[in-house]
Structures are given as structure tokens and as C-alpha cells.
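Now for the letters of each chain:
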Amino acid sequence: MDIFIQIIIAVITVAFVILMFFLIQTIKALTATLNEVRNTVGELRTDVSMISGDVKEMIHNTSEMTMDVRTKLRSLDVVFATVHDIGQTLHSFTGVMKETAAGLVTSIKSKSQREIIHSESARPSSGSGKVTAAIADGIISSLRIWRKLKQH
């Protein structure tokens, strides 16, 4: 029985040696992997530092560009306001011109109807009266335009 215990102890010792051999191999592989991870992390830190510097510079440049664009857009606000005012003035002027033209057409129609009525009644009309009436209509139309422009 003594031999049997010695054999069991020898088997346990051999098993322990084999276990230790594989454990040492595993630890060596794990050490190599950890060294590789350490190198990779060091490279990542370097890369991130370089990238963060570039990103900070890009953000700074973008901020400067944004401020520059805002300044230029603010300077264009005056131009757009002026264009708007010119458009409003032209719109008012066009309205006044339409009214004046309509009044002129109406006065011409009424004069031609009066002339037809006067010519049918056989009254001689003087040429200077027509010129005076046309000048008076022109002055009245000009005054209307001037008043409309002053209102706007």
C-alpha cells in the first residue's frame, strides 16, 4: 500500500508539473497580449492628442468664419432694406401713374364728347381754348402725382 501511495503522489506531482507548464505558457501569452494592448493604448493617446489639436484648430477657424459671415450678412441688411424701400416707392409711383393715366383718359373722353356735342351744336371752338385746357389738365395731373408721392 505504501507503493500505491507513492505512485499516486508521483502521478499528482506529474499532473501538477504539467498543469504548471500550461499555466506558465498561458501567462506568457497573456503577458504578450497585455504588452501589445499597452503599446496600442500609448499609440491611441498620441493619435488622440494630435487629432484633438487639429479639431480645436478647426473649431476655432469655423468660429472665425461664422463671425465673418455674420458680419457680412449684417452689412447686406442695409442693402436689402434699401431695395425694399425702392420697391415700395416704385409700387407707389406705379399706382399714382395708373390713377393719373385713368384720370387723363377720362378727361380726354369727356373732352372729346364735349367737343362732339359742341361741334354738333355748331359752335365754333377756338384753338387756344384746347391748348389751355390741355395745359390745365397737365398741371392738375402733376399736382396729383406730387401729392401722392408726398403721402408715401
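Up top you'll find the structure we're talking about.
It should be emphasised that the depicted structure is a prediction, and the values quoted were computed from it without experimental measurement.

**Quick notes on the overall build of the protein**
On a plain count of helices and strands, the protein comes out with 2 helices and 0 strands. Working note: accessible area of the protein is about 13200 Å², and carbon and sulfur atoms make up 69% of it.

**Section: the packing of aromatic side chains**
For the structure shown, the criterion picks out 1 aromatic pair. Relative to Phe-22, the ring of Phe-21 lies with its centre 5.6 Å away and its plane at 70 degrees, an arrangement referred to as edge-to-face. In this structure Phe-21 comes out as partly exposed when scored by relative accessible area, which is 47%.

**A look at the pattern of salt bridges**
Under the counting rule described, the total for this entry stands at 1 salt bridge. Notably, a salt bridge pairs Asp-68 with Lys-72, separated by 3.2 Å at the nearest N-O pair. Of this pair, Asp-68 and Lys-72 both sit in helix H1 (residues 2-120), 4 residues apart, which is roughly one turn of the helix.

**Some points on the side chain of Thr-100**
Along the chain, the position of Thr-100 falls in helix H1. If near-sequence neighbours (up to four positions away) are discounted, Thr-100 is found in contact with Ser-141 and Ile-145.

**What to know about a nonpolar patch on the surface**
Side chains of Met-1, Phe-4, Ile-5, Ile-8, Ile-9 and Ile-12 sit close together on the surface and give an oily, nonpolar patch of about 650 Å² of accessible area. Following the sequence through the fold, Ile-9 ends up in helix H1. On the accessibility criterion, Ile-9 (49% relative accessible area) is partly exposed.

Reading the values: rules and limits
Residues numbered from 1 in each chain as written. Predicted model: local features only at pLDDT ≥ 70, side-chain atom pairs only at ≥ 80, totals over all residues. Heavy atoms only, no water. Helix = DSSP H or I, 4+ residues; strand = E, 2+ residues; numbered from the N terminus. Areas by Shrake-Rupley, 256 points an atom, 1.4 Å probe, with all protein chains shown as cover. Phe/Tyr/Trp six-rings, centres within 6.5 Å; stacked < 30°, edge-to-face > 60°. Buried < 20%, exposed > 50% of the residue type's maximum accessible area, 1.4 Å probe, protein only. Salt bridge = Lys/Arg side-chain N within 4 Å of Asp/Glu carboxyl O. Contact = heavy atoms within 4.5 Å. Patch = residues over 30% accessible without salt bridge, like charges linked within 9 Å, V, L, I, M, F, W, Y side chains within 5 Å.

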